[in-house]
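Read off the chains here:
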Amino acid sequence: MTTRMLTTIGFDADDTLWQNEQYYRLTEARFTEMLADFAEGPKISERLLEAEKRNLRYYGFGIKGFTLSMVETAIEITDGKVPAAVIARILDTGRDLLSHPVETLPHVRNTLEALAEHYLLVMITKGDLFDQERKLAQSGLGDYFHAVEIVSDKTAVTYRRIFSKVGGGPERAMMVGNSLKSDIVPAIAAGSYGVFVPHELTWVLEHVEEPTEAPRFRKIEHLGELRNLIETLK
């Protein structure tokens, strides 16, 4: 593989390099069971999502904000009568999320190993700082990355800043991820390539329409296809 105009490749972490959303779904199922005496499961999930939307501006993305949103939802659903024991169980589930094992997705290690020989690789992820650092360390993938950026949000400004600092600027960069909203659309707006790798459990708040008309939009089924895609960029 030879280096062409592309110098830098950014990778999302959660549900691109390793499993993440499945643990949130399991936790949400446990949460609805805790409140089963007060409301139906779909109603609880709906109220939880509303709380998450409200709280993003205060707590950001990640497990701590999710846990606080569960506590807030429990108080609302029960009209302030939620038992202290249930609050304790909610906090326990949040701590469980912060210690779940890291399961890398198929083709990740081989792809990173091959690309790291020819490109500057950058992990660009949202979420809780300590949790993302923990997952990166446990994944064993850290040595493949030239830089790691844990950010509060992903916008075109974010990608311009990172790709200007690492590599030859956004026009010579590519962002790879499972979120159209966070990984693909803003990276393309910054002038980079955006490579969409769908994941079946992507969080609903990360869903937007595919920018199929954008010249720098690409889509692959899994990371094992990324090297061949890059070879087509001339």
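Treat the numbers as computed from the prediction; the structure is a model and nothing was measured. (Residues numbered from 1 in each chain as written. Predicted model: local features only at pLDDT ≥ 70, side-chain atom pairs only at ≥ 80, totals over all residues. Heavy atoms only, no water.)

Undergrad: Help me understand the overall build of the protein chain in this model?
TA: Looking only at helices and strands, the protein chain has nine helices and six strands in total. What you see for the protein chain is a C-alpha radius of gyration of 19 Å, in line with the 17 Å of a compact globule of 234 residues. With respect to the principal axes defined by its C-alpha atoms, the protein chain has extents near 65 × 35 × 30 Å. Taken over 234 residues, the protein chain has a buried fraction of 50%. When the accessible surface of the protein chain is summed, it comes to about 11,200 Å², and 51% of that surface belongs to carbon and sulfur atoms. (Helix = DSSP H or I, 4+ residues; strand = E, 2+ residues; numbered from the N terminus. Rg over C-alpha atoms; globule rule 2.2 N^0.38 Å. Buried < 20%, exposed > 50% of the residue type's maximum accessible area, 1.4 Å probe, protein only. Areas by Shrake-Rupley, 256 points an atom, 1.4 Å probe, with all protein chains shown as cover.)

Undergrad: Got a minute to help me understand the side chain of S179 in this structure?
TA: Turning to its location among the elements, S179 is positioned in the loop between β4 (173-177) and α8 (180-189). A relative accessible area of 5% means that S179 is categorised as buried. When neighbours within four sequence positions are excluded, S179 is seen to be in contact with I184 and E206. (Contact = heavy atoms within 4.5 Å.)

Undergrad: Which parts of the structure should I look at to understand the packing of helix α1 (residues 21-34) against helix α4 (residues 84-97)?
TA: Each pair of packed helices gets described by two things: the angle between the helix axes and the distance between those axes. Relative orientation of the contacting elements α1 and α4 amounts to 170°, with a least axis distance of 11 Å. The angle between the axes of α1 and α4 places the two elements in the roughly antiparallel class. Along the contact surface, α1 presents Y23, Y24, T27, R30, F31 and M34, while α4 presents V86, R89, I90, T93, D96 and L97. Here the contact of α1 with α4 is built from residues that sort into seven nonpolar, two polar and three charged. (Axes fitted to C-alpha atoms, helices over the stretch in contact; angles between N-to-C directions. Parallel < 35°, antiparallel > 145°, perpendicular 65-115°, else oblique. Nonpolar A, V, L, I, M, F, W, Y, C, P; charged D, E, K, R; others polar.)

Undergrad: What is the right way to read helix α2 (residues 41-59) from this model?
TA: For an α-helix, 3.6 residues make a turn, and residues three or four places apart therefore share a direction. Along α2, the sharpest change in direction is near 30° and occurs at K53. For α2, the complete set of buried residues consists of I44, L48, A51, E52 and N55. Those residues of α2 hidden inside the fold are in contact with α1 and α3 (63-77). Immediately beyond the C-terminal end of α2, within one or two residues, lies G60, with a positive phi of roughly 75°. (Bend = angle between axes of the 7 residues up to and from the residue.)

Undergrad: Would you mind showing me how to read the packing of α3 against α4 here?
TA: Remark: α3 packs on α4, axes separated minimally by 9 Å, with the N-to-C direction vectors making an angle of 160°. The pairing of α3 with α4 is recorded here as roughly antiparallel in orientation. With respect to the hand of their crossing, α3 and α4 are arranged in right-handed fashion. Two secondary-structure elements touch here, α3 through I63, F66, T67, M70, V71 and A74 and α4 through I87, I90, L91, T93, G94 and L97. Split by residue class, the contact of α3 with α4 holds nine nonpolar, three polar and no charged. (Left-handed = near helix turned anticlockwise from the far one by under 90°.)

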